[in-house]
Amino acid sequence: MPAEVHLFKCLRDNYGVLLHDPAKGATASIDAPEAGPVEAALREKKWRLTDILVTHHHADHTGGIAELKARHTCRVTAPQREAQRIPAVDATVREGDFVTIGSLVGRVLETPGHTAGHISYWFKSENLAFVGDTLFSVGCGRLLEGTADVMWPSLLKLRGLPPETEVYCGHEYTAANVNFALTIEPKNPALRSRADEVVKLCEAGRPTIPSTIGSEQQTNPFLRADLPEVATAVGLADASPVQVFAAVRARKDKF
Ligand code: ZN
Ligand code: FE
């Protein structure tokens, strides 16, 4: 029985995600922005919460943990490097560790840069990746606790996942990200068709998530910082990919 994923809105522009294993009846909440919408989603799907998989310590990803933990018998798994800043942690994980949600097996990828200990969860057999605020569709997280040379390898790690991998990120930022990306690569055909698709989805009130790694490889300027066309666009034709990535990120910060 294949895994099921349920995506729903939380807070202002966060996403909540439930990952469900029908074989064993296990369900993980990926992060917990706030308890109410997670509870409502569990009721709607008639799923029992067994796990919370935390990507990073920010309040808009952890604010619902304590309340959910008080009401459900669930295990909270968090990144080892920032577990002390996350409530009610039961297990800490680091690069290469595995998490199990019923019979589903996810691998922990350390993807620092947005925060110093940020992790992502990759469920290889299910072709699913939960990337928190490291990678957004057509964007990436701000460098709040890391420099470009910390974030760039994290993005390369995610870029290297199989192209068919479905990517669930923490926020609905895609429309703004597309507008920015078009200033870097106005002629990129894949980006232009993604832009059209995103306009239609937003007009219909539908999420632009999940994306795929393959789509991000073709459209996300932050994953394309080692391509000559992106380097040239930011006036850094002979610079290293990290320098180009830093320049693209700095432009987005001011966009
Ligand atoms: Zn964050
Ligand atoms: Fe966030």
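Residues numbered from 1 in each chain as written. Chains lettered and ligands numbered in written order. Predicted model: local features only at pLDDT ≥ 70, side-chain atom pairs only at ≥ 80, totals over all residues. Heavy atoms only, no water.

J.: Whenever I open this one, the coordination of the iron ion (ligand 2) confuses me. Can you help?
T.: Ideal values for angles at a metal depend on the geometry: 109.5 degrees with four tetrahedral donors, 90 or 180 degrees with six octahedral donors. At this site the iron ion (ligand 2) is bound by Asp 60 (OD), His 61 (NE2), Asp 133 (OD) and His 171 (NE2), with donor distances of 2.1 to 2.3 Å. In this structure, the iron ion (ligand 2) is coordinated by four donor atoms arranged in irregular fashion, with angles at the metal of 86 to 168 degrees. Counting the intervening residues between successive donors of the iron ion (ligand 2) yields the motif D-H-x71-D-x37-H. A separation of 3.2 Å is found between the iron ion (ligand 2) and the zinc ion (ligand 1), both of which receive a donor from Asp 133. On the criterion of sequence distance, the pair formed by His 61 in helix α2 (residues 59-62) and His 171 in the loop between β13 (166-169) and α5 (174-184) is long-range, its members being 110 residues apart. You can call His 61 buried: its relative accessible area is 1%. In this structure His 171 comes out as buried when scored by relative accessible area, which is 4%. (Donors = N, O, S within 2.8 Å, 3.2 Å for Na, K, Ca; no water. Tetrahedral: all angles 85-135°; square planar, octahedral: opposite > 155°, others 65-115°. Helix = DSSP H or I, 4+ residues; strand = E, 2+ residues; numbered from the N terminus. Buried < 20%, exposed > 50% of the residue type's maximum accessible area, 1.4 Å probe, protein only.)

J.: Looking at this structure, I do not really get the packing of α5 against helix α9 (residues 241-254). What am I missing?
T.: Two measures define how a pair of helices packs: the angle their axes make with one another and the distance between the axes. Look at α5 against α9: their axes get within 11 Å of each other, and the N-to-C directions meet at 130 degrees. By the criterion of interaxial angle, the relationship of α5 to α9 is oblique. The handedness of the crossing between α5 and α9 comes out as right-handed. Where α5 abuts α9, its residues Asn 177, Phe 180 and Ile 184 lie against Val 248, Arg 251 and Lys 252. Of the residues assigned to the contact of α5 with α9, the class counts are three nonpolar, one polar and two charged. (Axes fitted to C-alpha atoms, helices over the stretch in contact; angles between N-to-C directions. Parallel < 35°, antiparallel > 145°, perpendicular 65-115°, else oblique. Left-handed = near helix turned anticlockwise from the far one by under 90°. Contact = heavy atoms within 4.5 Å. Nonpolar A, V, L, I, M, F, W, Y, C, P; charged D, E, K, R; others polar.)

J.: I would appreciate a short explanation of the side chain of Glu 39 in the present structure.
T.: Within the secondary structure, Glu 39 is located in helix α1 (residues 35-45). Exposure remark for Glu 39: the relative accessible area of 11% places this residue in the buried category. When sequence neighbours within four positions are dropped, the list of residues in contact with Glu 39 reads Leu 68, Arg 71 and His 72.

J.: Help me out: how do you make sense of the coordination of the zinc ion (ligand 1) in this one?
T.: Donor atoms from the polypeptide that bind the zinc ion (ligand 1) are His 56 (NE2), His 58 (ND1), His 114 (NE2) and Asp 133 (OD), placed at 2.2 to 2.3 Å. Coordination geometry of the zinc ion (ligand 1): the four donor atoms subtend angles of 85 to 173 degrees at the metal centre, consistent with an arrangement described as irregular. The sequence pattern describing where the donors of the zinc ion (ligand 1) fall on their chain is H-x1-H-x55-H-x18-D.

J.: Help me understand α5, please; the structure alone is not making it clear to me.
T.: Owing to its 3.6 residues per turn, the α-helix brings residues three or four apart onto one side. Buried within α5 we find Thr 174, Asn 177, Val 178, Phe 180, Ala 181 and Ile 184. In a view along the axis of α5, the buried residues occupy a sector of 165 degrees, so they form one face of it. Structurally, α5 contributes buried residues whose contacts are with β11 (135-136), β12 (139-140), α6 (189-203), α7 (213-219), α8 (228-233) and α9. (Arc of directions from axis to C-beta.)

J.: I tried to follow helix α4 (residues 148-159) on my own but got confused; where do I start?
T.: Helix length check: α4, at twelve residues, gives a terminal C-alpha distance of 16 Å against a target of 16 Å (1.5 Å per residue), a fit within 8%. Buried within α4 are the following residues: Ala 148, Met 151, Trp 152, Ser 154, Leu 155 and Leu 158. Relative to the axis of α4, the buried residues are bounded by an arc of 165 degrees and lie together on one face. (Expected span 1.5 Å × (residues − 1).)

J.: How should the pairing of strand β3 (residues 26-30) be read in this particular structure?
T.: Where a strand is regular, its side chains alternate between the two sheet faces. For β3, a buried count of five out of five residues is recorded, marking the element as mostly surrounded by other parts of the structure. Burial of the side chains of β3 extends over both faces: Ala 26, Ala 28 and Ile 30 are buried on one face and Thr 27 and Ser 29 on the other. Pairing analysis gives five bridges linking strand β2 (residues 14-21) to β3, with the strands arranged antiparallel. Looking at the pairing, Val 17 lines up with Ile 30 of β3. Joining the antiparallel neighbours β2 and β3 is a turn of four residues, in which Gly 25 adopts a positive phi near 70 degrees. Here three bridges tie β3 to strand β4 (residues 51-53), and the two strands are oriented parallel to one another. Bridge pairing links Ala 28 to Asp 51 in β4. Traced from β3 through α1 to β4, the parallel crossover comes out right-handed. (Pairing = 2+ DSSP bridges. Right-handed = clockwise from strand over helix to strand, strands pointing away.)

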